[in-house]
Amino acid sequence: EDTTQSLELCIHETLRMIFTGTFIRQNIGDDIVISGRRIKHGTFLMFSPGDLHFNPTIFPNPDIFDPTRFTF
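The following refers to the structure shown. As a convention, each chain's residues are numbered from 1 in the sequence order in which they are written. Owing to the predicted nature of the model, reporting of local features is limited to residues with pLDDT of at least 70; listing and counting of side-chain atom pairs is limited to 80 or more, with chain, interface and lining totals taken over all residues. Computation of side-chain values covers all heavy atoms of the structure but excludes hydrogens and water.

A separate point is the overall build of the protein. When helices and strands are tallied, the protein shows 2 helices and 4 strands. To qualify as a helix, a DSSP run of H or I must reach at least 4 residues; to qualify as a strand, a run of E must reach at least 2; elements of each kind are numbered from the N terminus. Listing each helix as α and each strand as β along the protein from the N terminus yields α-β-β-β-β-α. Radius of gyration (C-alpha) of the protein: 16 Å, far over the 11 Å computed for a compact globule of 72 residues. On the principal axes, the C-alpha backbone points of the protein span a range of 45 × 25 × 25 Å. A total of 72 residues make up the protein; the buried ones form 17% of that total. A contact between two residues is defined here by any heavy atoms of the two lying within 4.5 Å. Across the protein, the fraction of contacts at a sequence separation of at least 24, relative to all contacts at a separation of at least 6, is 47%. Accessible surface computed for the protein: about 5800 Å², of which carbon and sulfur atoms make up 58%. Radius of gyration: over C-alpha atoms. The globule rule applied is 2.2 Å multiplied by the number of residues raised to the 0.38 power. Burial classes follow relative accessibility: with a 1.4 Å probe on protein chains only, a residue under 20% of its type's maximum area counts as buried, one over 50% as exposed, and anything between as partly exposed. Areas reported here follow the Shrake-Rupley algorithm with a probe of radius 1.4 Å; residue values treat only the protein chains shown as occluding.

Turning to the environment of Arg-16, a few remarks are in order. Relative to the assigned elements, Arg-16 resides in helix α1 (residues 2–17). Classification of Arg-16 as buried rests on a relative accessible area of 3%. Residues Arg-16 and Asp-2 lie 14 residues apart in sequence; the distance between their C-alpha atoms is 21 Å. The contacts of Arg-16, once residues within four sequence positions are left out, are His-53, Phe-54, Phe-59, Pro-62, Ile-64, Arg-69 and Phe-70. Polar contacts involving the side chain of Arg-16 include one to the main-chain carbonyl oxygen of His-53, which spans 2.5 Å. Polar contacts here mean pairs of N or O atoms no more than 3.5 Å apart (in protein, one a potential hydrogen donor and the other a potential acceptor; neighbouring residues in sequence count only if both atoms are side-chain atoms).

Moving on, we come to the packing of aromatic side chains. Stacked, edge-to-face and tilted labels apply to pairs of Phe, Tyr and Trp rings (six-membered ring for Trp) whose centres lie within 6.5 Å, assigned for plane angles under 30 degrees, over 60, and everything in between, in that order. Enumeration according to the criterion identifies 1 aromatic pair in this entry. The interplanar angle of 50 degrees and the centroid separation of 6.2 Å between the aromatic rings of Phe-59 and Phe-70 together place this pair among those described as tilted. With Phe-59 in the segment after α2 (49–53) and Phe-70 in the segment after α2, this residue pair connects regions lying 11 residues apart in the sequence. The exposure class assigned to Phe-70 is partly exposed, which follows from its relative accessible area of 22%. Note on criteria: charge over ring means Lys NZ or Arg CZ within 6 Å of the ring centre, with the direction from the centre no more than 35 degrees off the ring normal. Residue placement shows Arg-16 over the ring face of Phe-54; its charged tip is 5.4 Å from the ring centre. If you follow Arg-16 out to its NZ or CZ, it ends over the ring of Phe-59, 5.1 Å from the centre.

Let us look at the pattern of salt bridges. Oppositely charged side chains may form a pair once their charged atoms are brought near each other. Definition used for salt bridges: Asp or Glu carboxyl oxygen within 4 Å of a side-chain nitrogen of Lys or Arg. Under the criterion given, the structure shown has 3 salt bridges. A salt bridge links Glu-13 to Arg-69, with the nearest nitrogen and oxygen atoms 2.9 Å apart. With Glu-13 in helix α1 and Arg-69 in the segment after α2, this pair connects stretches of sequence that are 56 residues apart. With a closest N to O distance of 2.5 Å, Arg-38 and Asp-31 form a salt bridge. For Arg-38, a relative accessible area of 54% translates into the label exposed. Accessibility expressed as a relative area gives 38% for Asp-31, which makes it partly exposed. Shared partners join several salt bridges into a network, and the residues in it are Glu-13, Arg-16 and Arg-69.

Purely spatial values, then, with no claim about function.
See the structure below:
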């Protein structure tokens, strides 16, 4: 079981670092407020997974391969 869990953590970290696709498009279901700005229902947002996956606020030391970041 430990080997399976370690493998899963490595897979998650690999997918974080080597993401597929260049942009994700998301349709907003309900009105939301982000950083004080209202985004209305039905608005389409596009963002790059790399902006999230390599954001040090979300993933500390984002350039380092660290499967343990996915342990809880």
